[in-house]
Amino acid sequence: MSDTSFEFTASTEFNDKDDDLLQNRSIKILLVILISIAMPLTLWALAQWTHTNSLNDLRRKLDSRMQLYSSNIVSELEKYEYLPVILARDPILKSLFEGEMLDFRIDRANRHLSAIEQIAEVSAVYVMTTQGNTVAASNWDEENSFVGKNFRFRPYFKNAMQGHTGHYFALGTTSNIPGYYLSYPIGDGDKIDGVVVVKVSVARLEEAWARAKEEVIVTDRNGVVIISGRDEWRFRTLEKLSPDLRQSLINSRQYSDAQLVPIETGRERIIDDNTKRIAIRHPLTNGKDASKWEDIYMRSRPVLGTDWTVHYIFREATLRNDVINTLIIAAFAWLIAILSFLYMLQRRNMINHRLEYQERHRQTLENAAIELEHRVERRTKALSEANKRLEEEIQERHKAEDDLHRAQDELVQAGKLAALGQMAAGITHEMNQPLTAIRSYADNASVLLKRDRLDDVDSNLVQISQLCARLGKISGQLKVFSRKTPSQKEPISLVKVMADTLTLLESSSKFENTQIINNIKDPSISVLGEAIRLEQVLLNILRNALDALADKAGACIWISAQAQGTRMAIHIRDNGPGFEDSDLERIFDPFFTTKEVGKGLGLGLSISSRIIQDFGGVLKAHNHPDGGAVFTIELLQAAHG
Ligand code: ADP
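Quick caveat, the model's predicted, so the values are computed rather than measured.

Remarks on the site of the ligand
As a structural note, the neighbourhood of the ligand is formed by 17 residues, with T593, T594, K595, L601 and G602 the closest of them. Within the side chain of K595, one N or O atom sits 2.5 Å away from an oxygen atom of the ligand. Measuring from an oxygen atom of the ligand, one finds a backbone N or O atom of G602 at 2.9 Å. Bound to the protein, the ligand loses 92% of the 530 Å² it would expose on its own. Assessed atom by atom at 2 Å from the grid points, the ligand resides in the largest pocket. Those elements that place two or more of their residues in the shell around the ligand are α11 (531-548) and α13 (604-614). Broken down by element, the residue count for the shell around the ligand peaks at three residues, all from α11. Residue classes in the shell around the ligand are distributed as eight nonpolar, seven polar and two charged.

Here's the deal with the layout of surface pockets
One water molecule sets the probe size; rolling that probe over the atoms shows where empty space is left. Put simply, the largest pocket is a space of about 1,400 Å³. Residue lining of the largest pocket: 43 residues in total, with N544, D547, T593, K595 and G600 positioned closest to the centre. Among the secondary structure elements, those contributing two or more residues to the lining of the largest pocket are α9 (454-482), α11, α13 and β18 (629-636). Split into classes, the residues belonging to the lining of the largest pocket amount to 19 nonpolar, 13 polar and 11 charged.

Looking at the pattern of salt bridges
Inspection of the entire model under this criterion finds 33 salt bridges. Put simply, E121 and R204 hold a salt bridge, and the shortest N to O gap is 3.6 Å. With a gap of 83 residues between them, E121 in the loop between α4 (103-120) and β1 (124-129) and R204 in helix α6 (residues 203-211) connect regions that are remote in the sequence. Classification of R204 as partly exposed rests on a relative accessible area of 39%.

Some details on the sheet that holds β18
With mixed pairing, the five strands of this open sheet are ordered in space as β13-β15-β16-β18-β17. If you trace the sheet from one side to the other, it starts and ends with β13 (515-518) and β17 (618-623), each paired once. Direction aside, the axes of adjacent strands within the sheet are offset by 15 degrees on average. Relative to β18, β17 runs antiparallel, the two sharing six bridges.

Quick word on the packing of α11 against α13
With their axes 9 Å apart at the nearest point, α11 and α13 run at an angle of 145 degrees to one another. As for how α11 packs across α13, the hand of that crossing is left-handed. Residue-level contacts link R533, L534, Q536, V537, N540, I541 and N544 of α11 to G604, L605, I607, S608, I611, I612 and D614 of α13. Looking at the contact of α11 with α13 residue by residue, the class counts come to seven nonpolar, five polar and two charged.

With respect to empty space enclosed by the protein
What the rule picks out here adds up to one cavity of 30 Å³ or more. Taken as a whole, the largest cavity holds about 40 Å³ of empty space. Y126, F146, F151, R154, Y156, G172, T173, T174, S175 and Y181 together form the lining of the largest cavity. Grouping the amino acids of the lining of the largest cavity by side-chain chemistry returns five nonpolar, four polar and one charged.

Re the packing of aromatic side chains
Tallying each qualifying case throughout the model produces 13 aromatic pairs. A ring pair is formed by Y126 and F151, whose centres lie 5.6 Å apart and whose planes are at 55 degrees; its orientation type is tilted. Here F151 lies in the loop between β2 (134-137) and α5 (155-161) and Y126 lies in strand β1, a separation of 25 residues in the sequence. The class of Y126 is buried, set by a relative accessible area of 1%. An aromatic cluster is built from Y126, F146, F151 and F153, whose rings are joined through pairwise contacts. One cation-aromatic arrangement involves R154 over Y181; the distance from NZ or CZ to the ring centre is 5.8 Å.

Things to note about α11
End to end, α11 covers 26 Å across 18 residues, agreeing with the expected 26 Å (1.5 Å per residue, within 8%). What α11 keeps buried is the set R533, L534, E535, V537, L538, L539, N540, I541, L542, A545 and L546.

Examining the pairing of strand β4 (residues 178-188)
Across the 11 residues of β4, nine count as buried, placing the element largely inside the fold. Here strand β3 (residues 166-171) runs beside β4; their pairing, made up of six bridges, is antiparallel. Within the sheet, the bridge partner assigned to G166 lies in β4 and is S183. A loop of six residues connects β3 with β4, the two strands running antiparallel in sequence, and N176 in this loop sits at a positive phi of about 65 degrees. Sheet topology note: the β4/strand β5 (residues 191-201) ladder contains 10 bridges and is antiparallel. Residue P185 lies in a different strand from β5, and its bridge partner there is V195. Remark: two residues form the turn of the hairpin made by β4 and β5, two consecutive strands paired antiparallel; G189 in that turn has positive phi of roughly 60 degrees.

Considerations on the environment of T309
Take T309: it is sitting in strand β11 (residues 309-315). For T309, a relative accessible area of 22% corresponds to the partly exposed category. Between the C-alpha atom of T309 and that of S70, which follows or precedes it by 239 residues, the distance is 8.6 Å.

Parameters and conventions
- Residues numbered from 1 in each chain as written.
- Predicted model: local features only at pLDDT ≥ 70, side-chain atom pairs only at ≥ 80, totals over all residues.
- Heavy atoms only, no water.
- Near = heavy atom within 4 Å.
- Polar contact = N/O pair within 3.5 Å; in protein donor to acceptor, adjacent residues only side chain to side chain.
- Areas by Shrake-Rupley, 256 points an atom, 1.4 Å probe, with all protein chains shown as cover.
- 1 Å grid on protein atoms, 1.4 Å probe; cavity = no way out; pocket = protein on both sides within 12 Å on 5 of 7 lines; lining within 4 Å.
- Sits in = over half its atoms within 2 Å of the grid points.
- Helix = DSSP H or I, 4+ residues; strand = E, 2+ residues; numbered from the N terminus.
- Nonpolar A, V, L, I, M, F, W, Y, C, P; charged D, E, K, R; others polar.
- Points joined across faces, edges and corners; volume = space filled by probe spheres on them.
- Salt bridge = Lys/Arg side-chain N within 4 Å of Asp/Glu carboxyl O.
- Buried < 20%, exposed > 50% of the residue type's maximum accessible area, 1.4 Å probe, protein only.
- Pairing = 2+ DSSP bridges.
- Axes fitted to C-alpha atoms, helices over the stretch in contact; angles between N-to-C directions.
- Left-handed = near helix turned anticlockwise from the far one by under 90°.
- Contact = heavy atoms within 4.5 Å.
- Phe/Tyr/Trp six-rings, centres within 6.5 Å; stacked < 30°, edge-to-face > 60°.
- Lys NZ or Arg CZ within 6 Å of the ring centre and 35° of its normal.
- Expected span 1.5 Å × (residues − 1).

Structure (structure tokens):
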């Protein structure tokens, strides 16, 4: 039964394990599929998200940055706004137009303008006549001096001639240096004598921007790059100009000889109103590789108070760093997630194995417990059966014991009857002889009485009386057998009882020829019994010994006592003839005697034995190896009673 169940369990376990393996394998396949789809997807999405985010971030940051650039330009230019206005009122410059244009006045004006140029830190300061001829200039002594040059074609001249401030950005036709031109008319009221012009260089701004390593450009309303930290941008156009506009600009010489070549652009994507992504191919932007296209982002905003626009250029690489960083972090996160998942899988497997092991262990224990239970059950059953058999045996024993008791009782009864028969025979034998004698004495007395022989009659009556006394004595001795209740036992001093017995014996004539060695001297020896009756027993044994030792030379009796556990053994040994082997079995029988008729009744030892039994002891006899009889009286010691 149990074997089958084991097999069943084992096969179930195997199936479970198989299922587990399959499950594990499918989980792993699923995981690989999931990772190979989800990882690139999430990474791609994350890259997009980071890109958009960092672009948004950058745009926000750029707004304030560009605001800074914008205000930088405005403040740089505005600080010279009033310089031409003030110079228009300068007496030295005004004096140029008072009367004839005298050389010394021109010279004075030249030096004055030169000083102003240095103090104001501007590119150039010069004065023009109403015809546009430059009469005095701060760079009067330089190779590319403006003196003598005519700039009437410049819009700032035209503005000033109309009576208000002129603003203009241009590339100097003489100096070829870009600058911002501010002009104002010199004169009184509506009369204009000349025009004072301040050329402000933007080189300082450009240097600062170049140092900042940021790519910032400023375009004018035509889309021509006028300010840039990098030379390669300058005077290129962001978009292709219409041929007419381009031609008119070239003619205006605003940008000197610059050909206003547009920057080569490719696809364009609008990110928002102010930002776009453009592919550009600029001969110098990409350094050595001129043919390489590059995607750039350009964010633009107008420079307030001007018709210029500031553009901030940044590259995909700026954003790419953020994306790469995020991707690295994401890849790490993925790696950690995969490793964690693998660890969890491993751990789950381990736990499963442990549980499996525990389950197997539990199963084994359970089987062992069941087996144990079965064994206990079997053993209990066997024990119950054995117990039942034992009970039956006990019952049988009880029955056998009862039978034995019954048999014993029957035997005792038979023994009693036999003893009674023996006793009756003995009594009959003992009594018959005196009764026969009494009868013959009585018959004889009757004859003698008839013959009147009174003395003889009297003698016969004395004989009869003596014989009756003898019969009385016999019946008296038999009384002891009729005693039913056991005697009252008490502690008796053995020394005292022995001494009293020997005193009684001293009257015996036989005692004189016999040496009695009494070794009972310890007064503490005390036995349980009745002193008078124990004396009777001792007296009987000693008298028998004296009888046996009669006429024996060197007759001796030894008396001793020896403790044997709870008992005290009293030995009385003589050096007489001892017992015949056949007699030894019978000496305690009533009426057994080897003595001559009239000398012994054969009741002494049987009475003595009965008395000692009454005391709870035993009376035994045997022959001594050195000859002679030994009687042993075993009695309970008083101390142990
Ligand atoms: P009785 O003395 O009247 O014969 P007992 O019962 O006292 O009756 O003794 C029985 C017999 O035991 C004696 O007749 C004698 O044969 C034997 N007997 C007793 N004591 C001794 C002894 N000390 N030595 C030898 N025989 C003994």
